[in-house]
Structure formats: C-alpha cells, structure tokens
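The residues making up each chain are set out below.
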Amino acid sequence: MKVTADQNTCCGAGQCVLLAPEVFDQREEDGIVVLLDEKPPEHLRAAVREAADMCPAGAIAVHEDT
Ligand code: SF4
C-alpha cells in the first residue's frame with residue numbers, strides 16, 4: 001500500500017488524524033494534512049482505507065499494489 005495526501009485539496013477537517021494518527025498529522029498553523037507514513041504497516045491499513053473513504057475533500061489516495 002502506498003498513500004498520498006494532497007495538501008492542496010485538504011480542507012483541514014481532521015478526520016484522517018482521528019482515524020489513523022500514526023499515518024496522518026495536521027499542520028499547526030492551518031490544520032492541513034501532513035503525511036507521516038506513505039507506506040503504512042499492515043495493522044494500520046484498514047484505518048487508512050477508512051480515512052480515505054471518510055475524507056470530506058477526497059484528498060487521500062490509496063494505491064493498494066505498491
Ligand atoms: S480528512 Fe481529508 S480534509 Fe480532513 S485533514 Fe485529512 S486529508 Fe485533510
């Protein structure tokens with residue numbers, strides 16, 4: 001799995017951080033997403049998929065085959 005998070009699309013809602021704090025963080029100044037781990041380990045992947053589904057801006061993309 002490879003994850004991307006588009007800072008230009010993110011609206012700072014923070015859903016991803018609530019779901020997978022090991023993988024996503026938010027910038028102090030404006031709440032925009034910061035990707036902490038673009039290749040998350042197996043035990044975090046379900047939460048990352050859920051974060052991608054829940055993101056109101058559609059800013060998180062998950063590529064399963066890499
Ligand atoms: S859930 Fe989406 S919009 Fe919200 S902080 Fe994360 S990437 Fe940004």
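Our subject is the structure that appears above.
Here the structure is a predicted model, which means the values were calculated and not measured.

Reading guide: rules and limits
Residues numbered from 1 in each chain as written. Predicted model: local features only at pLDDT ≥ 70, side-chain atom pairs only at ≥ 80, totals over all residues. Heavy atoms only, no water. Core = buried A, V, L, I, M, F, W, Y, C linked by side-chain atoms within 4.5 Å. Buried < 20%, exposed > 50% of the residue type's maximum accessible area, 1.4 Å probe, protein only. Helix = DSSP H or I, 4+ residues; strand = E, 2+ residues; numbered from the N terminus. Contact = heavy atoms within 4.5 Å. Near = heavy atom within 4 Å. Nonpolar A, V, L, I, M, F, W, Y, C, P; charged D, E, K, R; others polar. Arc of directions from axis to C-beta. Salt bridge = Lys/Arg side-chain N within 4 Å of Asp/Glu carboxyl O.

1. Re the nonpolar core
Ranked by internal contacts, the top residues of the largest apolar core, which has 18 residues, are Val3, Cys16, Ala20, Val23, Phe24, Val48 and Ile60. When contributions to this core are tallied by element, the ones reaching two or more residues are helix H1 (15-19) and helix H2 (45-54). The element contributing the most residues to this core is H2, with four residues.

2. Here we look at the environment of Cys16
Summarising the element assignment, Cys16 is placed in helix H1. Between the C-alpha atom of Cys16 and that of His43, which follows or precedes it by 27 residues, the distance is 16 Å. If we ignore the near neighbours within four places in the chain, the residues touching Cys16 are Pro21, Phe24, Val33, Ala51 and Ile60.

3. Regarding the site of the ligand
The ligand sits among 13 residues. The nearest are Cys10, Ala13, Gly14, Cys16 and Cys55. When grouped by side-chain class, the residues that make up the shell around the ligand number 10 nonpolar, three polar and no charged.

4. Concerning H2
Residues of H2 that are buried include every one of Ala47, Val48, Ala51 and Ala52, and no others. An end-on view of H2 places all buried positions within 140° of arc, on one side of the element. Residues of H2 that are exposed and point more than 90 degrees away from the buried face comprise Ala46 and Asp53. Those residues of H2 that are buried lie in contact with strand S1 (2-5), H1, strand S2 (24-26) and strand S4 (60-63).

5. Some thoughts on the pattern of salt bridges
Taken as a whole and judged by the stated rule, the model has four salt bridges. Here Arg45 makes a salt bridge to Glu42, at a shortest N to O gap of 3.1 Å. Residue Arg45 is classed as partly exposed on the basis of its relative accessible area of 22%. In this structure, Arg49 and Glu64 form a salt bridge, with 2.7 Å as the shortest nitrogen-oxygen distance. Taken together, the residues Arg49 in helix H2 and Glu64 in the segment after S4 connect sequence positions 15 residues apart.

6. Some thoughts on the environment of Pro40
Mapped onto the elements of the fold, Pro40 is located in the loop between strand S3 (33-35) and H2. C-alpha separation for the pair Pro40 and Lys2, spaced 38 residues apart in sequence, amounts to 7.5 Å. Setting aside anything within four residues of it in sequence, one finds Pro40 in contact with Met1, Val3, Val23, Arg45 and Val48.

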